[in-house]
Each structure stands twice: as C-alpha cells, then as structure tokens.
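Letter by letter, the chains look like this.
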There are 2 protein chains.
Amino acid sequence: MRIILDTMGSDNGSYEFVKGAVLAAEDLDVDLVLVGNEKELCAHLSKEDPQGKYRKNISVIHASEVVDMHDDPLKVMKEKPDSSMTVALRTLSEGKGDALVSAGNTGALLTQATLIVKRIRGIRRAALAPVIPSATGIAVLIDSGANAECTPEYLYQFALMGSYYAEHALGVKAPKVGLLNNGTEEHKGDEVHREANRILTEAGQRGEINYIGNIEGRDGPLGKADVIVADGFSGNVYLKTMEGVGMFFARELKNMFMASFKGKLAGLMVKGDVAAFKKKIDYNDAGGAPLLGVKKPVIKAHGSSKAKSIYHCIIQAIDYIDSGMTIHLERSLKGENAADE
Amino acid sequence: MRIILDTMGSDNGSYEFVKGAVLAAEDLDVDLVLVGNEKELCAHLSKEDPQGKYRKNISVIHASEVVDMHDDPLKVMKEKPDSSMTVALRTLSEGKGDALVSAGNTGALLTQATLIVKRIRGIRRAALAPVIPSATGIAVLIDSGANAECTPEYLYQFALMGSYYAEHALGVKAPKVGLLNNGTEEHKGDEVHREANRILTEAGQRGEINYIGNIEGRDGPLGKADVIVADGFSGNVYLKTMEGVGMFFARELKNMFMASFKGKLAGLMVKGDVAAFKKKIDYNDAGGAPLLGVKKPVIKAHGSSKAKSIYHCIIQAIDYIDSGMTIHLERSLKGENAADE
C-alpha cells in the first residue's frame, strides 16, 4: 500500500510530515510518497532517517509551489498548477498511490479533489466526515462543512457513505444513523430536512442503514448516534461548537486546578485522568477527516497536525483503503458520472 | 409591576411556580398572577405562605386545561381554549400584567404568543433568545429555534433585538454582535447568510449595532461575541450541542473523581470549584429565554425549571420590562402590523 502525503501548506511545516512518515514506515507495512519541496524534504529525511533505513519505503516527488490558507479554492489550480496539493492529487489520480493525506487549505483540497480525483459515479457531492468523540466512544459527522447547501438526496448519500465508513473502516456494527435537526419530532426542520428524514426512514425500512430518526445537537455528544448526518452548514456549527465548548471547559478545568494550593494538589492527584480526559475529547487526536465520495481515499488532516497526527492519518488512510468503500459505492450506486457536474 | 405565571404544563408541576412566586414576593417589589388550576394553586399557596403574608401580592386566575408537550402548537388554541397558557397570554394581552413566564410547550407558546400578544409593529418574526454562558461571561443567542427558516431581514431584526436586549436588559455596553456562519470569511455560508452578513455590515457602519462579522461555532463559547445571531435551525444546533457537550463533560468529570480513592479525595478538595464550574456552564441557571419581538415580555422557562429558576425568570422579566425594549422597537421600526401576516 502506498500513501501520498501533501507535505506543504500546513501550520507546522513539512518536517512534521517527514517525521510522521518515518514513524509509519517503522511501524506499518506501508510505502510513503512525500510531495513538496524536494530539497527541504530530503534534508528532513536525512535528519529523521540518517542511515537511510526507510529510503526504500519513502519516496519524494518535487512540487515547486505551496497552497496557503489565503488562496481562493476556485482559482488555485490555475494559479498554482505545481503546488504540492495539486501534484499530490494528480499522483493519486494517476494510480501512483492508494490514498492521500493533506493538512492544507480545506476548500482548495475539496475543490481540487473533486476536479482531479473525481467523484464516485452516482455520488452528487463529496463530504468531509471527521470522527469525533462522544460519551459512548466515537461518531462520524458527515458533512462537517464541505457543502453549505444540501438537497435531501445529498443527505441520503451522506448517510450511506457515513454508515459504510463507520462499519467498514471503524468497525462499528450496524451503526446507528441520525439526522441532525432542530428537534427529534418528524415535523422538525426546514423542507430539506423533513424530506431527508422521510427518505432516510424509507432507507432504514429497506435495511440500507440503521436509521434512528432525527437527532438534536445534544444527542451527538451523548452518544446516541454513530453517524451524524448533517448539511455542511449545521454540521460545521456542530463541530466548531463542540470544539469551542471543549476549549472553554479545558480552560475552566485548568483554572480550577490552578486557583489554589489545594487545587494544584488535587490536579496532581488526577493528572493522569485529566490527560486521558483531554485525549478523549480532542477530536484532532483521532486522525483527520476523510473526504468521502471521491474515487480514492483522501484524508484532510488538521492544519496544525504534528507528526503523531500525521501518523494516525496514515493509519486512517490504510483503514479507509481496506474498507473497500469506493469500490462498494461504485458498484451499488447508479447514476451519471460525477465529472459532468 | 405584575408578572403572570403560566403554572401548568411544565415537567415539575405547579408547586415549583408557587414556591418561586413566594420567593419573588419575599425578595422583590413585584406582584404575581398565578394562572392554572385554582384549587391546586391555593393548596400550594397555603403550604408555602401559611400566614397569607403575600396574599396581597399573589393572585390566582383559574384555567381548566393544560397544554402538554404532545399538543400540536398550531391546533392547541382551538382545542384547549381554556388552557393555562392561553389564559395567561390573554391576561397579558389585556394589560392585566406586564410580563409572562411559562415553562410549557415551546412551540405552543411561540405560536400563541404571536397570535394573542402579537408581534411588535414591523417585526417579521419573534425569536427565542436564551442567555448562555461563555468563557468571558454571557452571550445572547438569537434565534435558538423559533424559526427554522430565516430571511436576511429576519436575521437583521434578530441582531437589533439581541443587541438591544444585551445592552438594556443585561447591561452589556456596545455588545459585540456576530453572525453564526460556517466560517468567518465574507464568502462563507449560503445565500441567506451571505446577504445577512452584508446587511449587518452596513448596519454596523451606520452605527446601529457593533457588528464584528461572521463567527464560527467555536467563537461563541470562547466569548468572542455578546450577541450570537443565528437562524433558528443552526441556533438550535448550537444551543443543543453546547448542552450535550456540557453533560458529556460533567459525566466525564464525575467519573474522573469517582475512579479511585485518590480521585475521590481530589474531588473533595475541589468540590466548591466544581460546583462553581457547573453553575457557570449551566445555562438553565441563568433564567429562561426571552421571546423577543412580541409586544410584551414573554419568558420561556426551561421545562424542568425548579422554584429557583422560576424566581430567576421573574427577575429576568422585570429586567426585560425595565429595558423598555418593546416601546423602543415600536418607535424605531417602521412597517406593517405583524397581525396581518
């Protein structure tokens, strides 16, 4: 298996990617293709793998440009045709790798992945599906922001993709699928969500998914659903609110343990538990967000990913490939080629 | 000042209302009108105020029916014309009280308040505006679920109402107003949110509000805005996600302190801080959600409100009346009468 890494354009630079790649080469049966500034990458490699132990597993492809956070997703392919992101996606599309991990500009990655790697035949929209923590373990949130506006059909396809991913990449049996709405009753939501709820109910009755109905924002963190189907607008609100509340609470917790001598002592006593708790609520730690719906696995790593996160994203890419999802979807869906949209 | 309490249809029964009313009569310069089953209410009153010390401040109006959580908001006024909610709203509309507190069916309260009390002239939609905790204090979230579908004009009016409420009822000077979107950049969101952002930017330039632009879900808990303007769908997702994450964290925290002897000891040492923390993050503790945009102050208390919450809602109702908001809005807005919509 060969995983392509777009090493440029993240917050922490290409070094973290090289470090993550060496970690992966050490631990896993995988080859890695680093795309970026060749000189820079080779220098990092000499440092991380001084004896060239993994040189047979790690190759480098040069790209002269970098997509940054300010680049317009719709223009970047024309303006920076030799960016590490574009080259990496082209490499994936040409079959010179099985999956791709990038920590670059999300919008640019979405747009270019759809244009270069292309959507699976019959899939209307690709969606970002981060794996997020909940009281009972984890849940897949699909879509977390790729599509601000959705049709009921998109939401139905998100449900199929999210459910397949949860079952075959994450190992959740008969994953419970819920539709994020502004209430659990059938009449809740706007027209799009009411119709989506109807379609998903039917899909549940046909046995395509294990549909549990409309869910509210609170049901996600409390672990009611394994797959949270959302339009990209409210999915993004959900994800970011969770993140914000997490940061707010982490600060409060820290203040609590720093407020007094007694507090500091108590903090020391539960230090390990606090660390485990933080790990549990930090969704970045779980890896990245797979972009579901394009023909080959693409993982969006967090912009501030460190080597350990990149390593987790590589494992996630392998699990994604092993799930056989793209092949399954191509077979099970009928419809026009995504390229014509 | 006279506050009307719809005492029926909440999770904890009318007793909590009577207890809350007696607390308020004790502490505050206020009269209270209890609407509900007269016999039941008088029995509670004899228990809570055995010497009839506050009988001159607390009156009772009988209503024979109760709106429950299963009643259809659109049919309830016809089906239960003598419900405590309907009678209470009618009492308010007839000028026999200055504000109303209800912990009943939210949808029924919204619908009936609009029909009976009516919207302020020129206001397109009434909105629920709970006061929620943030890292820097509190924020007003408007709308938290009354209107699943919004136009840019509704969002603009929510901003005006939320900003006025934050400044004049909560005492926040020049409240920072943000629009909840799926990203902070100008181009983010669907058409409604892009247009709303444009209108709000202009309103900021005219000095009507202190507009800080688009905000993300994470900006709310982190205290970036004092007023979070949202369509009712994503506002509801925001509020419920916050609530769910709060419950999830509270459980994890409890588990952490219960996991071991050392944990229990640590828990005891920071018991006061944990209680203060819980109080800070519990938005129910702050009172209820004012329904902004109708002609008289209506406060939606949480369905599971206890006496202390009802008491806080009564204070909130007084602050709302004192803010002069409805008079201010009637003067400053021009437009058709809400009744004709």
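Residues numbered from 1 in each chain as written. Chains lettered and ligands numbered in written order. Predicted model: local features only at pLDDT ≥ 70, side-chain atom pairs only at ≥ 80, totals over all residues. Heavy atoms only, no water.

(A) Main features of the overall build of chain A. Helix and strand counts for chain A come out as 12 helices and 12 strands. Against the compact-globule benchmark of 20 Å for 341 residues, chain A has a radius of gyration of 21 Å, which places it among compact chains. Overall size of chain A, expressed as C-alpha extent along the three principal axes, is 65 × 60 × 35 Å. Across the 341 residues in chain A, those meeting the buried criterion constitute 57%. Put simply, of all contacts in chain A between residues at least 6 apart along the chain, 74% involve residues at least 24 apart. Carbon and sulfur atoms make up 50% of the accessible area of chain A, which amounts to about 13900 Å² in all. Here chain A carries 41 positive and 45 negative side-chain charges, and the mean point of each set is 4 Å from the other. (Helix = DSSP H or I, 4+ residues; strand = E, 2+ residues; numbered from the N terminus. Rg over C-alpha atoms; globule rule 2.2 N^0.38 Å. Buried < 20%, exposed > 50% of the residue type's maximum accessible area, 1.4 Å probe, protein only. Contact = heavy atoms within 4.5 Å. Areas by Shrake-Rupley, 256 points an atom, 1.4 Å probe, with all protein chains shown as cover. Lys, Arg positive; Asp, Glu negative; His and termini not counted. Charge placed at Lys NZ, Arg CZ, Asp CG, Glu CD.)

(B) Examining the pattern of salt bridges more closely. Residue and element names in this part refer to chain A. By the definition in use, this model includes 22 salt bridges over all chains. Residue Lys224 is joined to Asp219 by a salt bridge in which the shortest nitrogen-to-oxygen separation is 3.9 Å. Given the relative accessible area of 40%, Lys224 is considered partly exposed. The exposure class of Asp219 is buried, given its relative accessible area of 9%. Where salt bridges share partners, they join Glu195, Arg198 and Glu202 into one cluster. (Salt bridge = Lys/Arg side-chain N within 4 Å of Asp/Glu carboxyl O.)

(C) Inspection of the relation of the copies chain B and chain A at higher detail. By a simple turn and slide, chain B fits onto chain A: the slide is 0.0 Å along the axis, the RMSD is 0.0 Å, and the turn is 180°. Seen this way, the second copy is the image of the first under a two-fold rotation axis. Closest to the rotation axis within chain B is the C-alpha of Ala266 of chain B, separated from it by 2.2 Å. Take the interface residues of chain B: 100% of them recur as interface residues in chain A, which is what a same-surface contact looks like. (Least-squares fit on C-alpha atoms with pLDDT ≥ 70 in both.)

(D) Just helix H6 (residues 152-168) of chain B, in detail. When the terminal C-alpha atoms of H6 of chain B are compared, their 24 Å separation across 17 residues agrees well with the 24 Å that a helix rising 1.5 Å per residue should span. Of all the 17 residues making up H6 of chain B, 14 are buried; the element is thus mostly covered by neighbouring parts of the structure. (Expected span 1.5 Å × (residues − 1).)

(E) Spotlight on a nonpolar patch on the surface. Residue and element names in this part refer to chain A. Residues Phe261, Leu265 and Leu268 make up a contiguous nonpolar surface patch of roughly 360 Å² in combined accessible area. Relative to the assigned elements, Leu268 resides in helix H9 (residues 261-269). Leu268 sits in the exposed class, given a relative accessible area of 59%. (Patch = residues over 30% accessible without salt bridge, like charges linked within 9 Å, V, L, I, M, F, W, Y side chains within 5 Å.)

(F) The arrangement of unusual backbone geometry in detail. A cis amide bond, omega 15°, links Ile142 of chain A with the succeeding residue Asp143 of chain A. Residue Lys118 of chain A is not a glycine yet carries a positive backbone phi of 75°. Relative to the helices and strands, Lys118 of chain A is located in the loop between helix H5 (106-117) and strand E5 (127-128). Positive phi values are uncommon outside glycine, yet Ala174 of chain B reaches one of about 40°. Tracing the backbone shows Ala174 of chain B in the loop between H6 and strand E8 (176-180). Classification of Ala174 of chain B as partly exposed rests on a relative accessible area of 45%.

(G) Structural context of the interface of chain B and chain A. In this assembly, 52 residues from chain B lie in contact with 52 residues from chain A. Here chain B and chain A share an interface that buries about 4600 Å² over both sides, 75% of which is from carbon and sulfur atoms. One can count four salt bridges joining chain B with chain A. One salt bridge connects Arg218 of chain A with Glu243 of chain B, and the closest N-O pair in it is separated by 3.2 Å. Counting across the interface, chain B meets chain A through six residue pairs in polar contact (both at pLDDT 80 or more). (Buried area = accessible area lost by both parts, 1.4 Å probe. Polar contact = N/O pair within 3.5 Å; in protein donor to acceptor, adjacent residues only side chain to side chain.)

(H) Seen up close, the nonpolar core. If you look at the biggest cluster of nonpolar residues, it comprises 62 residues, and the most contacted ones within it are Ile3, Leu5, Leu32, Leu34, Ile58, Val101 and Phe158 of chain A. At 10 residues, helix H6 (residues 152-168) of chain A tops the list of elements feeding residues into this core. Filtering out sequence-adjacent residues up to four positions away, Leu5 of chain A remains in contact with Phe17, Ala21, Leu32, Val33, Leu34, Val35, Val101, Ile310 and Ile314 of chain A. Core analysis: the next-biggest nonpolar cluster, separate from the first, contains 61 residues, Leu5, Phe17, Ala159 and Val177 of chain B among them. (Core = buried A, V, L, I, M, F, W, Y, C linked by side-chain atoms within 4.5 Å.)

(I) Structural context of the packing of helix H8 (residues 232-258) of chain B against helix H10 (residues 271-281) of chain B. Residue and element names in this part refer to chain B. Direction vectors running N to C along H8 and H10 enclose 170°, while the axes themselves pass 11 Å from each other. Of the possible angle classes, the one that applies to H8 and H10 is roughly antiparallel. Residues Gly246, Ala250, Leu253 and Phe257 of H8 form the contact with H10, whose own contacting residues are Val274, Phe277, Lys278 and Ile281. Taken together, the residues of the contact of H8 with H10 break down into six nonpolar, one polar and one charged. (Axes fitted to C-alpha atoms, helices over the stretch in contact; angles between N-to-C directions. Parallel < 35°, antiparallel > 145°, perpendicular 65-115°, else oblique. Nonpolar A, V, L, I, M, F, W, Y, C, P; charged D, E, K, R; others polar.)

(J) Here's a closer look at the pairing of strand E7 (residues 137-142) of chain B. All names here are of chain B. Pairing geometry for strand E6 (residues 131-134) and E7, over four bridges, is antiparallel. Note that in E7 the partner of Ile132 across the bridge is Ala139. In textbook terms, the turn of a hairpin is the stretch between consecutive antiparallel strands, and for E6 and E7 this stretch comprises two residues. With three bridges connecting them, E7 and strand E10 (residues 227-229) associate as parallel partners. Looking at the pairing, Ile142 lines up with Val229 of E10. (Pairing = 2+ DSSP bridges.)

(K) Expanded view of the packing of H6 of chain A against helix H7 (residues 191-205) of chain A. All names here are of chain A. Between H6 and H7, the shortest axis-to-axis distance is 8 Å and the interhelical angle comes to 40°. With respect to H7, the axis of H6 lies oblique. For the crossing formed where H6 meets H7, the hand is right-handed. Contact with H6, carried on its side by Pro152, Leu155, Tyr156 and Ala159, involves Val192, His193, Glu195, Ala196, Ile199, Leu200 and Ala203 of H7 and no other residues of that element. (Left-handed = near helix turned anticlockwise from the far one by under 90°.)

(L) Summary view of the sheet that holds E7 of chain B. Residues and elements named next belong to chain B. Reading across the sheet, the five strands line up as E6-E7-E10-E8-E9 and stay open at both edges, with mixed pairing between neighbours. Strands with a single pairing partner mark the edges of an open sheet, and in this sheet they are E6 and strand E9 (210-215). Taking each pair of neighbouring strands and ignoring which way they run, the sheet shows an average axis angle of 30°.

(M) Spatial organisation of the confidence of the model for chain A. All names here are of chain A. Residues of chain A with pLDDT of at least 70 account for 96%, and the chain-wide mean is 91. For residues 335-341, every residue scores under 50 in pLDDT, and the model assigns this stretch 14 contacts once sequence neighbours within four places are set aside. For this predicted complex, the interface confidence reaches an ipTM of 0.88, while the overall pTM sits at 0.90. (pLDDT = per-residue confidence, 0-100.)

(N) Region of interest: the sheet that holds strand E10 (residues 227-229) of chain A. Residues and elements named next belong to chain A. Within the open sheet, the five strands sit side by side as E6-E7-E10-E8-E9. Their pairing is mixed. Both outer strands of the open sheet, strand E6 (131-134) and strand E9 (210-215), are each paired with one neighbouring strand and no more. When strand polarity is set aside, the average angle formed by the axes of neighbouring strands in this sheet is 30°. Sheet topology note: the strand E8 (residues 176-180)/E9 ladder contains five bridges and is parallel. Each residue of the ladder has a partner; that of Val177, found in E9, is Tyr211. Sitting on the sheet, helix H8 (residues 232-258) is in contact with E6, strand E7 (137-142), E8 and E10, with an inclination near 55° to E6.

(O) Focus on helix H2 (residues 38-48) of chain B. All names here are of chain B. Buried within H2 we find Leu41, His44 and Leu45. Angular distribution of buried residues about the axis of H2 spans 105°; they occupy a single face of the element. Residues of H2 that are exposed and point more than 90 degrees away from the buried face comprise Lys39 and Lys47. The backbone nitrogen of Lys39 has a side-chain oxygen 3.1 Å away, supplied by the residue at the start of H2, namely Asn37. (Arc of directions from axis to C-beta.)

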